[in-house]
2 protein chains.
Amino acid sequence: MPATLRDVAAHANVSVRTVSNVVAGHPHVSDAMRRLVLGAIAELDYRPNPVARTLRTGRTGVLALVVPEIDVPYFAELAREIIDAASGLGYRVMIDQTGHDHDRERALLTGADRTMLFDGILFSPLVTRSELLEMHPTTAMPLVLLGEHEFDGRYDHVAIDNHQAAADATQHLVQTGRSKIAAIGAQPTQAFATPRQRGAGYLAALDEAGIGPRPEYLESAARYHRADGYAAAERLLDLADPPEAILCFSDLLAMGAMRAAADRGLRIPEDLAVAGIDDIEEGRYSRPSLTTVSLDTPFIAREAVSRIAARIDDPTAPAAEIVAPHAVLVRESTTASTPL
Amino acid sequence: MPATLRDVAAHANVSVRTVSNVVAGHPHVSDAMRRLVLGAIAELDYRPNPVARTLRTGRTGVLALVVPEIDVPYFAELAREIIDAASGLGYRVMIDQTGHDHDRERALLTGADRTMLFDGILFSPLVTRSELLEMHPTTAMPLVLLGEHEFDGRYDHVAIDNHQAAADATQHLVQTGRSKIAAIGAQPTQAFATPRQRGAGYLAALDEAGIGPRPEYLESAARYHRADGYAAAERLLDLADPPEAILCFSDLLAMGAMRAAADRGLRIPEDLAVAGIDDIEEGRYSRPSLTTVSLDTPFIAREAVSRIAARIDDPTAPAAEIVAPHAVLVRESTTASTPL
């Protein structure tokens, strides 16, 4: 006969409630107690019935983190921070990668596909506002949007000020004495908020510096991958009057752009300064190290988890817009004075 | 009254079975049909009852991928490949990061913590053989081990030949004319298979080349992060007789080691050759690009998913050891003849 919760409690000589807390991943259980209970669970081969528990409590203690691509370092680093923050509130996080598949995103948001049981969604994929409205009926799952969206009063939203972040990075490039400043990361459609906002911030900072915009200096990138940055930088460096500096709308784009410049024998930053946005660890170790805009990912993670936890407890709470701090981190790719 | 499967079928003018297939993520549904059904699901705000379905079929269609750290690029890239491969067999993948927490790993493997419903586990964390035996009673969840384990006839296991991979990379360094060849990635304990096997392969290749081992050239790394590679390279370069080449047991270690060498003004590869193991995308764009051992991650992902699918269908099938091919990819960090 299968072991029960009571058997485990008796075996470990603790209360049924303690066993239940351990099984639920409750944070206020001491490590020693958890080990004791997990030991008893293993010895008795006890398997809690998650279906029964979910029916009983209506809660799973699980959050879904939905990202477009888990192998993009920014999303991987964000995922790690969110897992850490969630753990502090007694939640576990399961990661789902949608690969830009709108049907998949729709299935998660509508609750149509719920092979996984979870209490709320932290949602990061690029979808337009109208797509989101269509995908997520108000009656559906508690939802907090991360990053790539605009606040519309309907959903909790945690992100940086994309416009200001791009403007600050551009202003830094101006301050290093460069005036031929290009950008990589525009997109042909204006539907997505991040490229549009970063592009506007870049243009605003140029304008403030009295530098007129040059359309050929605003390069598009279909995705924000290294290969897209490489290809866009090649197009910029092929111009009759190539730029002296490039602001990339993500660090990964900047990694590709730096490699493209190096492959032409250009010195960074002497011949070409490069800056990114994200502050992924890769850019701290690269040669040259990458000037970038730090997004305070731990802050974003903490706020996102605390908002979703509040929303699960009270689905009718008014939606909040949380703006995470950002800061330009100046490194070698814009300011080193000696060849690396 | 909530919409039912039948309501959705009637609304979309398709069979109940088709709706059920779409909801279950069945692969043999045309895109047009899936869109039609998902549209009807959204319009009717239909929410399938995953609890009822799981009770009915005993299957969830979900695999758990358990990795120690999702922000280590190799695991992120492996995760992406596994998600792609699983999708082809009609499975979805949820990723769980254990952060080297053995209690958490135990809870997943024993089935003690099953807030998520899944049919099988692809398990990658570093645990010793005895820990694994203790954590995973034979009656528990279908399990396929990835990478960091030794085949013991009990579990399906998909990995490269770690010994040969390290030997091949070392042999390449010997062939470039270097004889002072160090390694980074040993661990004080012999309990974990990967560092032990890679260390043995490194030593075997040196021996074959008639190069005696130098204990001070075998550096340890507690984790395989950039910072560990940086610190270990500093220790090696501080030696009275520093190495001319370093084999790092992961690409991330190599990224740290290359940066440490650059910070001392050393040229790579002229003053110091560096090689890694993993073939993460970062190493294709870094300056210099990184010589490494490619693990054929898509092969590993395909085999792992096909093994777990077979094991879910037949839990009593004999366990198999699957060795993935590997290949040394020679890039600038060991062979470039001009300064980068």
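Residues numbered from 1 in each chain as written. Chains lettered and ligands numbered in written order. Predicted model: local features only at pLDDT ≥ 70, side-chain atom pairs only at ≥ 80, totals over all residues. Heavy atoms only, no water.

Asks: Help me understand the overall build of chain A, please; the structure alone is not making it clear to me.
Replies: Within chain A, the secondary structure is distributed over 14 helices and twelve strands. The burial tally for chain A puts 58% of its 340 residues in the buried class. Here the analysis covers contacts within chain A between residues at least 6 apart in sequence; of these, 73% occur between residues at least 24 apart. Surface summary for chain A: the accessible area is close to 13,100 Å², and the carbon and sulfur share equals 51%. (Helix = DSSP H or I, 4+ residues; strand = E, 2+ residues; numbered from the N terminus. Buried < 20%, exposed > 50% of the residue type's maximum accessible area, 1.4 Å probe, protein only. Contact = heavy atoms within 4.5 Å. Areas by Shrake-Rupley, 256 points an atom, 1.4 Å probe, with all protein chains shown as cover.)

Asks: Explain the sheet that holds strand β8 (residues 245–248) of chain B to me, please; I cannot follow it from the model alone.
Replies: Two orientations exist for strands paired in a sheet by backbone hydrogen bonds: parallel and antiparallel. Residue and element names in this part refer to chain B. If you trace the four strands from one edge of the open sheet to the other, you get β7-β6-β8-β9, paired in parallel fashion. Looking along the sheet, the strands with just one partner apiece sit at the ends: β7 (218–220) and β9 (273–275). Across the sheet, the axes of successive neighbouring strands diverge by a mean angle of 20 degrees, strand direction being ignored. Both strand β6 (residues 181–186) and β8 contribute to a ladder of four bridges, which runs parallel. Bridge pairing in β8 links A182 to I246. Here helix α8 (residues 162–175) sits on the sheet in contact with β6, β8 and β9, set at roughly 165 degrees to β8. Its contacts with the sheet put helix α9 (residues 193–208) on β6, β7 and β8, and the angle it makes with β6 is roughly 170 degrees. (Pairing = 2+ DSSP bridges. Axes fitted to C-alpha atoms, helices over the stretch in contact; angles between N-to-C directions.)

Asks: Explain the packing of helix α6 (residues 102–110) of chain A against helix α3 (residues 31–44) of chain B to me, please; I cannot follow it from the model alone.
Replies: Relative orientation of the contacting elements α6 of chain A and α3 of chain B amounts to 25 degrees, with a least axis distance of 11 Å. As the angle between them shows, α6 of chain A and α3 of chain B are arranged roughly parallel. Considering the relative orientation of α6 of chain A and α3 of chain B, their crossing is left-handed. Where α6 of chain A abuts α3 of chain B, its residues D103, R106, A107 and T110 of chain A lie against R34, R35, L38 and A42 of chain B. Residues belonging to the contact of α6 of chain A with α3 of chain B are distributed by class as follows: three nonpolar, one polar and four charged. (Parallel < 35°, antiparallel > 145°, perpendicular 65-115°, else oblique. Left-handed = near helix turned anticlockwise from the far one by under 90°. Nonpolar A, V, L, I, M, F, W, Y, C, P; charged D, E, K, R; others polar.)

Asks: For this particular structure, what's the right way to read the pattern of salt bridges?
Replies: When the charged atoms of two side chains with opposite charge come close together, those side chains can pair. Residues and elements named next belong to chain B. Applying the stated criterion across every chain yields a total of 38 salt bridges over all chains. One salt bridge connects D241 with K180, and the closest N-O pair in it is separated by 2.7 Å. Placement of D241 in the loop between α10 (226–237) and β8 and of K180 in the loop between α8 and β6 is noted, with a sequence separation of 61 residues between them. Classification of K180 as partly exposed rests on a relative accessible area of 27%. Notably, a salt bridge pairs D279 with R331, separated by 2.9 Å at the nearest N-O pair. Of this pair, D279 sits in the loop between β9 and α12 (282–285) while R331 sits in the loop between β12 (327–329) and α14 (332–335); the two residues are 52 residues apart in sequence, bridging distant segments of the chain. Classification of D279 as buried rests on a relative accessible area of 13%. Residue class for R331 comes out buried when judged on its relative accessible area of 17%. (Salt bridge = Lys/Arg side-chain N within 4 Å of Asp/Glu carboxyl O.)

Asks: Is there a simple way to explain the nonpolar core in this structure?
Replies: Considering soluble globular proteins, one finds that nonpolar side chains tend to be buried as a cluster. Counting residues in each nonpolar core, the largest one holds 146 residues, and the members touching the most others are L122 and I184 of chain A together with L122 and I184 of chain B. Excluding its chain neighbours within four sequence positions, the residues that come into contact with L122 of chain B are L63, A64, L65, V66, I82, V144, L146, A304, V305 and I308 of chain B. L108 and M141 of chain A together with M94 and L108 of chain B belong to the second-largest nonpolar core, a separate cluster that totals 32 residues. (Core = buried A, V, L, I, M, F, W, Y, C linked by side-chain atoms within 4.5 Å.)

Asks: Honestly, the environment of E303 of chain B in this entry has me stumped. Any pointers?
Replies: Residue and element names in this part refer to chain B. Of note, E303 is situated in helix α13 (residues 297–313). Between the C-alpha atoms of E303 and I82, which are 221 residues apart in sequence, the distance is 9.4 Å. Other than its neighbours up to four places away in sequence, E303 contacts V158 and I322.

Asks: Hey, could you run me through the environment of A3 of chain B in this one?
Replies: Residue and element names in this part refer to chain B. Looking at the element boundaries, A3 is found in the segment before α1 (5–12). Accessibility expressed as a relative area gives 17% for A3, which makes it buried. The spacing of A3 and Y46 is 43 residues in sequence and 5.0 Å in space, taken between C-alpha atoms. When near neighbours in sequence (up to four residues on either side) are disregarded, A3 contacts L44 and Y46.

Asks: Would you take a moment to explain the sheet that holds strand β9 (residues 273–275) of chain A for this structure?
Replies: All names here are of chain A. Within the open sheet, the four strands sit side by side as β7-β6-β8-β9. Their pairing is parallel. Whereas interior strands pair on both sides, the edge strands pair on one side only; in this sheet they are β7 (218–220) and β9. Sheet twist, expressed as the mean angle between neighbouring strand axes with direction ignored, is 20 degrees. For strand β8 (residues 245–248) and β9, the ladder comprises three bridges, and the chain directions are parallel. Residue pairing for β9: A245 is matched across the bridge by A273. Sheet strands in contact with helix α9 (residues 193–208) are β6 (181–186), β7 and β8, and its direction is about 170 degrees off that of β6.

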